[in-house]
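Analysis of the macromolecular model
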Amino acid sequence: MIVASSLAAFSLVRFLPLNSSPSIASLTFTPLLLSPPPTDLLRVTSRRLILASKVQSVSTMAKEEQNVGNVKQQLAKLFESALNATVPNEPDVEPLVAACTAKFGDYQCNNAMGLWSKIKGKQNEFKGPPAVGQSLQKMLIDGIDTWAPRLAIKRAVVDFSSPNIAKEMHVGHLRSTIIGDTLARMLEFSHVEVLRRNHVGDWGTQFGMLIEFLYEKFPNWEDVTETAVGDLQAFYKASKQRFDSDPEFKEKAQKAVVRLQGGEEKYRRAWAQICEISRNEFNRVYQCLGVHLEEKGESFYNPYIPEVLKELTSKNLVEDSQGARVIFIEGFNIPLIVVKSDGGFNYASTDLAALWYRLNEEKAEWIIYVTDVGQQQHFDMVFRAAKRAGWLQAEGNTYPKASHVGFGLVLGEDGKRFRTRNTEVVRLVDLLDEAKSRSKTALIDRGKDIEWSEEELEQTAEAVGYGAVKYADLKNNRLTNYTFNFDQMLNDKGNTAVYLLYAHARICSIIRKSGKDVEELKNTGAIVLDHADERALGLHLLQFSEIVEEACTNLLPNVLCEYLYNLSENFTRFYSNCQVVGSAEETSRLLLCEATATVMRKCFHLLGIIPVYKI
């Protein structure tokens, strides 16, 4: 294990091993903020060392160096990059890396003191060493939005949820909706204008059979409502059964598609009616989840397809193949079909038109697609085609760029795709209703129906039930499958939303029971972190901004979940070992409680979870 201590007078960062491997290639770099001299220099340099390590990892450098066994040489190379990025106006700053002689670590960098003497008094970004407590108190006064990271982009599109018209939203849409909403929230917090797009499946040959079935079942179809139609899934299945079994109905349905796509008014109105009924069903789910989207479905982009394909053809990307029009992509065994052999358009042609529109009309710099991992190859091919056309940058880390956010399956306790007992896919609205119901039952078992008003009971049941479903999904790496289990997600112990929401409520209770006006304390008191557990909690709070930035950059909500859970654990240790109410340090510790609650609430907001204040 190789560790370099971050002593104020000597080194710049602490090196922590990512795992137990003794290889230097497995190291990660964590900033450690200490008191003077000079904290700001240490902080910025250590962060830039992190960035340098991401650009040129130790393992990469190890391959480049002839003497891969020379750890000191490799570390010096890494510190050189960090120093050049931190103080570019100070030439000839050589990294002073040496082996540690004390117990604090194995290597240290001794540039801090000498470098500070050079830049002190000059115009630079280093203003001295604000204490951790002062930084926390400034956040409490100015608001946590001052901690928001600033990304390199101004506008992004997040394409998520995207159910199909005339089909129920099921558990398969849960992950896209929850993950997409959280990514949008984190980007919005980071000063990015986010265009939340619901790319619903509202166009295609299936609408012929749906329209004809609507005409057949409801002669006064223009007055029909979702109540009359009933279960959308059953309506779709019944129309599909007629289509498959009745040749006469099938012929009428095929003609209906032509009339719809030709713009015939009667068919356009029927199509709009079916879409509206579906939309009302979708909105029930979105309201429960607190998710906001702007619908721009497949039909919206349909008029743009001919011109987009014309542009791609003019760039010699589109070729004829077995009666179809395709784009051959290097590295793939199959081509990207953009016009089918019958002359019709498909998902690829629609997605290319949507990507063109988002880049050229909406001026998005980052377009993010949140779908299951099974669509990874499709989007890889679409993005490669867009790069060949010059729409996207060839290099993956430059803008404009497009990213596919894939996610795994939701499984039942049998390890198979989550379904009902009769093998039907679980309706999402039923799932959410059950989560709320179970949460309410647990609250009643605790006597809250006697203590609280009915409104408080309903609101808390919703916050805890829906929050539990969301957090159980988001805490996992999105690429993995996860098992849906109500008992686990509604457990009030362990890494669950229930535990975290109750932890937040307990902090609020501590502050209330003190009888002190926290708003007044923010301006009259001070946060002093003398105890080791106070300091650990304070330092963890200060990491919030960089955690959000990391979660945004890598499109991984679980990074924020892990931070939130660790924050709660740090607070528990602090509260167990540091008396708050009635202690000599009461004012400082109440402010530390308030800072913790403030950061927790922002984490909840970014995860789409409503906090609770009483338990």
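Before reading further, recall that the structure is shown in the block above.
Reference entry: report on the structure contained in this document. All values derive from a computational prediction rather than experimental measurement.

Calculation notes
- Residues numbered from 1 in each chain as written.
- Predicted model: local features only at pLDDT ≥ 70, side-chain atom pairs only at ≥ 80, totals over all residues.
- Heavy atoms only, no water.
- Helix = DSSP H or I, 4+ residues; strand = E, 2+ residues; numbered from the N terminus.
- Buried < 20%, exposed > 50% of the residue type's maximum accessible area, 1.4 Å probe, protein only.
- Contact = heavy atoms within 4.5 Å.
- Areas by Shrake-Rupley, 256 points an atom, 1.4 Å probe, with all protein chains shown as cover.
- Salt bridge = Lys/Arg side-chain N within 4 Å of Asp/Glu carboxyl O.
- Core = buried A, V, L, I, M, F, W, Y, C linked by side-chain atoms within 4.5 Å.
- Axes fitted to C-alpha atoms, helices over the stretch in contact; angles between N-to-C directions.
- Parallel < 35°, antiparallel > 145°, perpendicular 65-115°, else oblique.
- Nonpolar A, V, L, I, M, F, W, Y, C, P; charged D, E, K, R; others polar.
- Pairing = 2+ DSSP bridges.

When helices and strands are tallied, the protein shows 25 helices and 14 strands. The buried share of the protein, taken over its 615 residues, is 51%. Intrachain contacts of the protein at a sequence separation of at least 6 include 73% that bridge at least 24 residues. A total accessible area of about 28900 Å² is found for the protein, and carbon and sulfur atoms account for 48% of it.

Time to look at the pattern of salt bridges. Summed over all chains, the structure comprises 37 salt bridges. The residue Arg-185 makes a salt bridge to Asp-181 at a minimum N-O spacing of 2.8 Å. With a gap of 4 residues between them, Arg-185 and Asp-181 both fall in helix H6 (residues 171–189), about one helical turn apart. Of the two residues, Arg-185 and Asp-181, neither departs from the other in class, the shared state being buried. Arg-269 is the salt-bridge partner of Glu-265, the closest N and O atoms lying 3.9 Å from each other. Taken together, the residues span about one helical turn, with Glu-265 and Arg-269 both in helix H11 (residues 265–289) at a distance of 4 residues. When salt bridges that share partners are traced, they join Lys-436, Lys-440, Glu-454, Glu-458 and Glu-462 into one network.

This part takes up the nonpolar core. Counting 135 residues, the largest nonpolar core has Leu-187, Phe-484, Phe-544 and Val-599 as the members making the most contacts within it. The contact partners of Val-599, leaving out residues within four places of it in the chain, are Met-139, Ile-144, Trp-147, Leu-541, Phe-544, Tyr-563 and Leu-567. Core analysis: the second largest hydrophobic core is formed by 35 residues, Tyr-301, Val-382, Ala-385 and Ala-389 among them.

Let us now look at the packing of H6 against helix H25 (residues 586–606). For any two helices packed against each other, one specifies the inter-axial angle together with the distance between the axes. Relative to each other, H6 and H25 sit at 130°, their axes nearing to 8 Å. Classified by the angle between their axes, H6 and H25 sit oblique to one another. Of the residues in H25, those in contact with Thr-182, Arg-185, Met-186 and Phe-189 of H6 are Lys-602, His-605 and Leu-606. Here the contact of H6 with H25 is built from residues that sort into 3 nonpolar, 2 polar and 2 charged.

The buried fraction of strand S11 (residues 366–372) is high, at 6 of 7 residues. Bridge analysis of S11 against strand S12 (residues 401–407) gives 7 bridges, and the strand direction is parallel. Pairing of Ile-368 across the sheet is with Ser-403, part of S12.

Right, let's get into the sheet that holds strand S5 (residues 155–159). Pairing is parallel in the open sheet, where 5 strands are placed in the order S7-S6-S5-S11-S12. Lying at the two open borders of the sheet, with one neighbouring strand each, are strand S7 (294–295) and S12. Judged from the 2 bridges that link them, strand S6 (residues 193–198) and S7 form a sheet pairing that is parallel. When the bridges of S7 are listed, Asn-198 appears paired with Glu-295. Across the sheet, helix H14 (residues 347–360) touches S5, S6 and S11, and the angle it forms with S11 is around 150°.

Treat this as a map of the structure, not an account of what it does.
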